[in-house]
Amino acid sequence: MECDGVRNVIVIGAGPAGMMAAIAASDKGAAVTLFESNEKAGKKLFITGKGRCNLTNDCPTEEFFSHVVNNPKFLYSSIYAFDHDEVKKFFEKNGCPLKTERADRVFPVSDRSADVISALERKLKKNGVKFVKNCRVAGLLREAVDFEGLHSTDLARNETDIQSGFLTDANESGKKEKKKKLQYKYRVMGVLLESGEKFYSDAVIVATGGVSYPVTGSDGIFFRTLTTLGHSIKPLRPALVPLVIKDENCRKMQGLALKNVSIELKNGKKIISEGFGELLFTHFGISGPLILTASSEYSRKYGGVSRMLDENNAIRKDYSKKFDKSNDFGHNENICVSGETADLYIDLKPAVKEEDLEKRIIKELEANGNKLFKNYIATLVPGKMREVFPDIAGIDPEKPVNKITREERQAIIRNLKGMHFVVSGTRDFNEAIITSGGVNVKEVDPHTLESKLTKGLYFAGEMLDVDAYTGGFNLQIAWSTGHAAGVAAAE
Ligand SMILES: Cc1cc2nc3c(=O)[nH]c(=O)nc-3n(C[C@H](O)[C@H](O)[C@H](O)COP(=O)(O)OP(=O)(O)OC[C@H]3O[C@@H](n4cnc5c(N)ncnc54)[C@H](O)[C@@H]3O)c2cc1C
C-alpha cells in the first residue's frame, strides 16, 4: 500500500495495454508490479501484422473513430489524450524507428514486431517496473468501504468470496452503484496469485485481453472474477474472422483471390456491411480484408455462441484437443460458430453498370457464335471461377453461346453483378484477430478507465467492449486505454 507517498500499482497482463499502463503509471512516479502468466511479454503482439506489427494508424484522430466498430465514443478521452502521434513519439524515443505504409498503416522500420516489444521492455526496465513472468493472477482482493469511501471492513469475507468466485451481493451492489455514482461499496486491495500468495496495492489495472488466439495467453479466465465484482460482460464473439459458407462451388474456388470487387452482406433487407477491395475463397468459406471487416458487424449482431467458451466466458481447458485443428479447413462444426444466416453478394464488375455489361455481353454472344459457354466464360471471370460459373448461373457449360436464352443471359449478368452465397457463421476464436464484446463500458469511467463499481480497479485493452477494424486501430486502443489507466491509477 501507499508508502512514503508513493502509490503501489499492480498491472495484470503484459500485452500491449498492460505494458503501456505499467509504463504510464511508473512515469507518474508509482511503484509498479506487472504480472504475466506467460514466460515472456507480448506473445500476441509478436504475431501482429504477420510478424511486422501494424502498431497504429496515421489517419487524423477525428477519423480514427470511424474505424471503431463498438463504442467509439467511450474512447474519445483516452484516444485524444494519447493518440497515434504520441504513440509514434513514444516508440521513436525508445529506440524503435517507424515508417508509414499504404492506408496510413504504421510499422517498425525493421518490419519486426520483436523490436516493438524490445522498446517496451527497455522502458519498463528503465522505469524500474517489477516484471513477474510465469505468474497467473487468480483473483482480486477487495475491501468493503462505507458510502463515503472512508473506512474498511470485512476484508477476510470478501477475499474468500473473490478467491472462490462465489457470487455475493456484488450484482446487487452494482445496481446500487449505478444510482449512487462514485459512492463505492468496495475498494480493490491487491491481487491473489494462483500460488495462493497475496500482493497488496493501491490500484490494480486489469489488461488480460479478450479470448481470440487463446494460445497467446488471453484465455478469458479473468472475466469470471470481474462478474463476481458485479461487472457485466457483453457477449464475446470472434471478430475480424473468416466467414463460413457451406457451398460446394465456394469450396471449389479455394485459393482464388479477387481484387477490386465490392460486396454487400445482408440479413433480410438489412445491410450488415458493404465495401470494396480484396477477398479470398477458402475451403470453408471466404476470407480476406473485405470479409474480415464485414465479419465484425456480422458477429456482433448475428453471430452465435462459440463452443470454445464455457459459461463463465473462459476458453474451455480442453479446447485445443477439440477445436485447435489448424490444418482442418473443412466444415467441422467444432471450429465454426453458427450464427443467423446472412446473404453475401459479390459484385465482380463494380466499375461497370448493369446496362453496359448487358450491351457488352449481347455483342460478345453474337460475335462468338458456336463457341461453348465454358470457353466463353473464361473472358468474363477469373481462374477457378470459370469451372463453377456455369453451375452457379444454371447454364450447360457445353452449350454454344448463340443458343443462350434471354433468361440465361440475365442469369450471367445477375451473377457477375451479385454472385450470391449464404453465410452461416464464422470461424472460431482460434482464427479471430479480435474479440467483440467484453467488460460493459457503461460500468467504466471513460476518462480514467476506473471501474464504477470497485474503487481502484482499472481496465485497459481488448478486454473492454471496444473493437475496431484492421489497420493498426486495435493496437492504438490498447496503447491509449493502457496509458489512460496507468496515469489515473498512479494519481
Ligand atoms: C494474428 C493477429 C494479428 C493481429 N495484428 C494486429 C495488427 O497488426 N494491428 C493491430 O492493431 N492489432 C492487431 N491484432 C490485435 C491486437 O493484437 C490486440 O488488439 C492486442 O494484442 C490487445 O492487447 P491487450 O494487451 O489488450 O491483450 P493481449 O495482447 O491479449 O495481452 C493480454 C495479456 O494478459 C496475459 N494474461 C491473461 N490473463 C492473465 C492472468 N490471469 N494473469 C496474468 N497474465 C494474464 C496474457 O498472457 C497476455 O499476455 C492482431 C491480433 C491477432 C490475433
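Residues numbered from 1 in each chain as written. Predicted model: local features only at pLDDT ≥ 70, side-chain atom pairs only at ≥ 80, totals over all residues. Heavy atoms only, no water.

### A closer look at empty space enclosed by the protein
- Per the stated rule, a full pass over the model turns up one cavity of 30 Å³ or more.
- Empty space within the largest cavity amounts to approximately 30 Å³.
- Contributing to the lining of the largest cavity are Asn 57, Cys 59, Thr 61, Phe 64, Ile 79, Asp 83, His 84 and Gln 476.
- Looking at the lining of the largest cavity, its residues break down into three nonpolar, four polar and one charged. (1 Å grid on protein atoms, 1.4 Å probe; cavity = no way out; pocket = protein on both sides within 12 Å on 5 of 7 lines; lining within 4 Å. Points joined across faces, edges and corners; volume = space filled by probe spheres on them. Nonpolar A, V, L, I, M, F, W, Y, C, P; charged D, E, K, R; others polar.)

### Quick look at the sheet that holds strand 14 (residues 243-245)
- Strand order in the closed barrel made by the six strands is 14-17-16-15-18-19, with antiparallel pairing throughout. Sheet twist, expressed as the average angle between the axes of neighbouring strands with direction ignored, equals 45°.
- In this fold helix 15 (residues 385-393) packs onto strand 15 (257-267), strand 16 (270-281) and strand 19 (419-427), with an angle of close to 110° to the strand it touches most, strand 19.
- Along the sheet face, helix 16 (residues 406-418) touches strand 18 (336-347) and strand 19 and points at about 115° away from the line of strand 18. (Pairing = 2+ DSSP bridges. Helix = DSSP H or I, 4+ residues; strand = E, 2+ residues; numbered from the N terminus. Axes fitted to C-alpha atoms, helices over the stretch in contact; angles between N-to-C directions. Contact = heavy atoms within 4.5 Å.)

### Brief notes about helix 15
- Every buried residue of helix 15 is accounted for by Met 385, Val 388, Phe 389, Pro 390 and Ala 393.
- Positive backbone phi, approximately 70°, marks Gly 394, located one or two places after helix 15. (Buried < 20%, exposed > 50% of the residue type's maximum accessible area, 1.4 Å probe, protein only.)

### A look at the site of the ligand
- Surveying the vicinity of the ligand reveals 33 residues, the closest of which are Glu 36, Gly 49, Asn 54, Glu 462 and Leu 475.
- Here an oxygen atom of the ligand and a side-chain polar atom of Glu 36 are 2.6 Å apart.
- For the ligand, a nitrogen atom lies 3.5 Å from a polar atom in the side chain of Arg 136.
- When the ligand sits alone it has 1000 Å² of accessible area, and the protein chains cover 95% of it.
- Of all elements in the fold, only helix 1 (16-27), helix 2 (43-47) and helix 17 (473-490) reach the threshold of two or more residues within the shell around the ligand.
- Among the elements that line the shell around the ligand, the one with the most residues is helix 17, at three residues.
- Broken down by class, the residue content of the shell around the ligand amounts to 14 nonpolar, 15 polar and four charged. (Near = heavy atom within 4 Å. Polar contact = N/O pair within 3.5 Å; in protein donor to acceptor, adjacent residues only side chain to side chain. Areas by Shrake-Rupley, 256 points an atom, 1.4 Å probe, with all protein chains shown as cover.)

### Examining helix 5 (residues 84-93)
- Restricting attention to buried positions, one finds in helix 5 the residues His 84, Val 87, Lys 88, Phe 90 and Phe 91. Within helix 5, the buried residues cover an arc of 160° as seen down the axis, which keeps them to one side. Turned more than 90 degrees from where helix 5 packs its buried face, Lys 89 and Lys 93 sit exposed.
- The N-terminus of helix 5 is capped by Asp 83, whose side-chain oxygen sits 3.1 Å from the backbone nitrogen of Asp 85.
- Positive phi shows up at Gly 95, right after helix 5, with a value of about 85°. (Arc of directions from axis to C-beta.)

### Describing the pairing of strand 20 (residues 434-439)
- Counted residue by residue, strand 20 has six buried out of six residues, so it is predominantly covered.
- Relative to strand 20, strand 13 (residues 233-239) runs antiparallel, the two being bridged by five bridges. Across the sheet, residue Arg 237 finds its bridge partner in strand 20, namely Ser 436.

### Details of the pairing of strand 19
- The buried count for strand 19 comes to seven of nine residues, which makes it a mostly enclosed element.
- When strand 14 meets strand 19, the two strands line up antiparallel, connected through three bridges. Counterpart to Leu 243 in the pairing with strand 19 is Thr 426.
- Examined bridge by bridge, strand 18 and strand 19 share eight bridges and lie antiparallel to one another. Among the inter-strand pairings, Val 337 is bridged to a residue of strand 19, identified as Thr 426.

### Focus on the packing of aromatic side chains
- As enumerated under the stated definition, the model contains nine aromatic pairs in all.
- An angle of 80° between the planes, with centres 5.5 Å apart, marks the rings of Phe 64 and Phe 65 as edge-to-face. Of the two residues, Phe 64 and Phe 65, neither departs from the other in class, the shared state being buried.
- With a centroid separation of 6.0 Å and an interplanar angle of 65°, the aromatic rings of Phe 281 and Phe 421 are classed as edge-to-face. Of this pair, Phe 281 sits in strand 16 while Phe 421 is found in strand 19, placing the two residues 140 residues apart along the sequence. Both residues of the pair, Phe 281 and Phe 421, count as buried.
- Each residue in the set Phe 64, Phe 65, Tyr 76, Tyr 80 and Phe 473 is aromatic and connected to the rest through ring pairs, giving one cluster.
- Its guanidinium or amino end placed over the ring of Phe 107, Arg 52 lies 3.9 Å from that ring's centre, counting from NZ or CZ. (Phe/Tyr/Trp six-rings, centres within 6.5 Å; stacked < 30°, edge-to-face > 60°. Lys NZ or Arg CZ within 6 Å of the ring centre and 35° of its normal.)

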